[in-house]
Amino acid sequence: MNILQLIHKVWRWKWVLRSIFSTVYFNLHYLPFRQAIRLPILLYKPQLKKMKGTVKITGAIKFGMIQLGKDFVAIYPDSGIVYENNGGSIVFNGRMYAGSASAISVGPGARLTLGTDVCASAALKLVCYKSITLHDRVRFGWDVTMFDCDFHKLTLLGGGYTNPYRSIEIGENCWLGYGCTVLKGTILPPYTTVSAKTVLCKKYDIPQYCVIGMENTVKVKKEGIYRNLDDDSIYDL
């Protein structure tokens, strides 16, 4: 190896050196020591908001198999990863990549399950307060946001509340394009391609190998319901 190759190799992995202390701390905090010493999870510029709950990796353990916050895309800020775990569980079933400007937030008792070879090159936001399951080889375009909750309850004029949290499940080999929003209750069959800026919010009973999208139409979905800002507590039915 000549000096130019050595410089290139060091430059390629400079981000590991910049975040080594957070990476070591994260791995030792969550993983069994025999796994943690291999540093399977690499964090780049992490903002570790809360470190509760559990993190588990299944299968063979390899150095850097999970990379969170790496600067893959030039047009996004090199801001790393925001991590918040309020007491839920995260399961990695293999390799996973989430680029810069991404965030993971897990609520108490929630479960986030990630299949192998899940990849998002920039600005993936995962907000899991019940259950989100991403099967193998799911791909995300830039700026995809996923919520399995609404946090705030809605008050019915006739009494009572609505807006329960609902699980999300994305089948293997799905590809979600730029700017998609995935809301609670979304279930996608394997090999579904979702066009850019689509909002998903239900179980899609469609064949595999389909492309789905949405038209720019707005319609009334429910009547006799509103958000009461004088009673704005977070509520989970």
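Note: the structure precedes this text.
Remember, it's a predicted structure, so these values are computed and weren't measured experimentally.

Reading guide: rules and limits
- Residues numbered from 1 in each chain as written.
- Predicted model: local features only at pLDDT ≥ 70, side-chain atom pairs only at ≥ 80, totals over all residues.
- Heavy atoms only, no water.
- Pairing = 2+ DSSP bridges.
- Helix = DSSP H or I, 4+ residues; strand = E, 2+ residues; numbered from the N terminus.
- Buried < 20%, exposed > 50% of the residue type's maximum accessible area, 1.4 Å probe, protein only.

Enquirer: What should I look at first to understand the sheet that holds strand β17 (residues 168-170) in this one?
Expert: Backbone hydrogen bonds hold the strands of a sheet together, and the pairing may be parallel or antiparallel. Taken in spatial order, the 6 strands line up as β3-β6-β9-β12-β17-β20 in an open sheet, and their pairing is parallel. Both outer strands of the open sheet, β3 (54-57) and β20 (187-188), are each paired with one neighbouring strand and no more. Examined bridge by bridge, β3 and strand β6 (residues 89-92) share 4 bridges and lie parallel to one another. What sits directly across from Thr 54, in β6, is Ser 89.

Enquirer: How should I be thinking about the pairing of strand β4 (residues 66-70) in this particular structure?
Expert: Every regular strand shows the same layout, with side chains that alternate between the two sheet faces. Most of β4 sits inside the fold, with 5 of its 5 residues counted as buried. Sheet topology places strand β1 (residues 41-43) next to β4; 3 bridges connect them, and they run parallel. The partner of Leu 43 across the bridge, within β4, is Leu 68. Across 4 bridges, the pairing between β4 and strand β7 (residues 96-99) is parallel. Paired with Gln 67 across the two strands is Tyr 97, which belongs to β7.

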